[in-house]
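As a plain string of letters, each chain reads:
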Amino acid sequence: MKFVATFHSHYDAMMFFQFCKEREITAKLAPTPRRLSASCGTCVVFDTQPEIDYNDYDVGSVYFDENDTYVKIWHSGE
């Protein structure tokens, strides 16, 4: 499984990436795919969906990546 989180700023992306590393979740920083909207252009791709409040890390949206077809599973403010 692969998930993609988008962010409003590079700082937010770095903080979420650090969160994943500390919990031994396989993750990487990457450019946001063109099909997804993001203010900063940086996303975090990770393999396990953590049980957290994404608002704590100012995540914009979280998508499940199903063979490069992105399904939104969480969005801030919803």
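Refer to the structure printed above.
Residues numbered from 1 in each chain as written. Predicted model: local features only at pLDDT ≥ 70, side-chain atom pairs only at ≥ 80, totals over all residues. Heavy atoms only, no water.

## Thoughts on the pattern of salt bridges
Applying the stated criterion to the full structure yields 2 salt bridges. When the shortest N-O distance is used, the salt bridge between Asp-65 and Lys-2 registers 3.2 Å. Residue Asp-65 is found in strand E4 (residues 59-66), and its partner Lys-2 is found in the segment before strand E1 (3-7); the two are separated by 63 residues along the sequence. (Salt bridge = Lys/Arg side-chain N within 4 Å of Asp/Glu carboxyl O. Helix = DSSP H or I, 4+ residues; strand = E, 2+ residues; numbered from the N terminus.)

## A look at the pairing of strand E5 (residues 69-75)
As paired strands, E4 and E5 are joined by 6 bridges and run antiparallel to one another. Directly across from Val-62, in E5, lies its bridge partner Trp-74. The antiparallel hairpin formed by E4 and E5 contains 2 residues in its connecting segment, where Asn-67 sits at a positive phi of about 55°. (Pairing = 2+ DSSP bridges.)

## Side note on the nonpolar core
Residues Phe-7, Phe-16, Phe-46 and Val-59 are the most contacted members of the largest nonpolar core, which totals 17 residues. Those elements that place two or more of their residues in this core are E1, helix H1 (10-22), strand E3 (42-46) and E4. Counting residues per element, this core draws most heavily on H1, which supplies 5 residues. Beyond its immediate stretch of four places on either side in the chain, Phe-46 contacts Met-1, Lys-2, Phe-3, Val-4, Ala-5, Phe-16, Cys-20, Ile-25, Thr-26, Ala-27, Tyr-54 and Val-62. In this structure, Val-4, Ala-30, Cys-43 and Tyr-70 belong to the second largest nonpolar core, which totals 7 residues. (Core = buried A, V, L, I, M, F, W, Y, C linked by side-chain atoms within 4.5 Å. Buried < 20%, exposed > 50% of the residue type's maximum accessible area, 1.4 Å probe, protein only. Contact = heavy atoms within 4.5 Å.)

## So, the side chain of Thr-32
You can see Thr-32 is positioned in the loop between strand E2 (27-31) and E3. Exposure remark for Thr-32: the relative accessible area of 15% places this residue in the buried category.

## Quick word on H1
Between the first and last C-alpha of H1 there are 18 Å, a value that for 13 residues agrees with the 18 Å anticipated at 1.5 Å per step. Among all positions of H1, only Asp-12, Ala-13, Phe-16, Phe-17, Phe-19 and Cys-20 are buried. Down the axis of H1, the smallest arc covering the buried residues is 155°, so these residues share one side. Residues of H1 that are exposed and point more than 90 degrees away from the buried face comprise Tyr-11 and Glu-22. (Expected span 1.5 Å × (residues − 1). Arc of directions from axis to C-beta.)

## Structural notes on the sheet that holds E4
Sheet architecture is open: 5 strands sit in the order E2-E3-E1-E4-E5, paired in antiparallel fashion. Sheet topology places E2 and E5 at the edges, where each strand pairs with a single neighbour. Here the average twist between neighbouring strands, direction ignored, is 30°. Sitting on the sheet, H1 is in contact with E1, E2, E3 and E4, with an inclination near 15° to E3. (Axes fitted to C-alpha atoms, helices over the stretch in contact; angles between N-to-C directions.)

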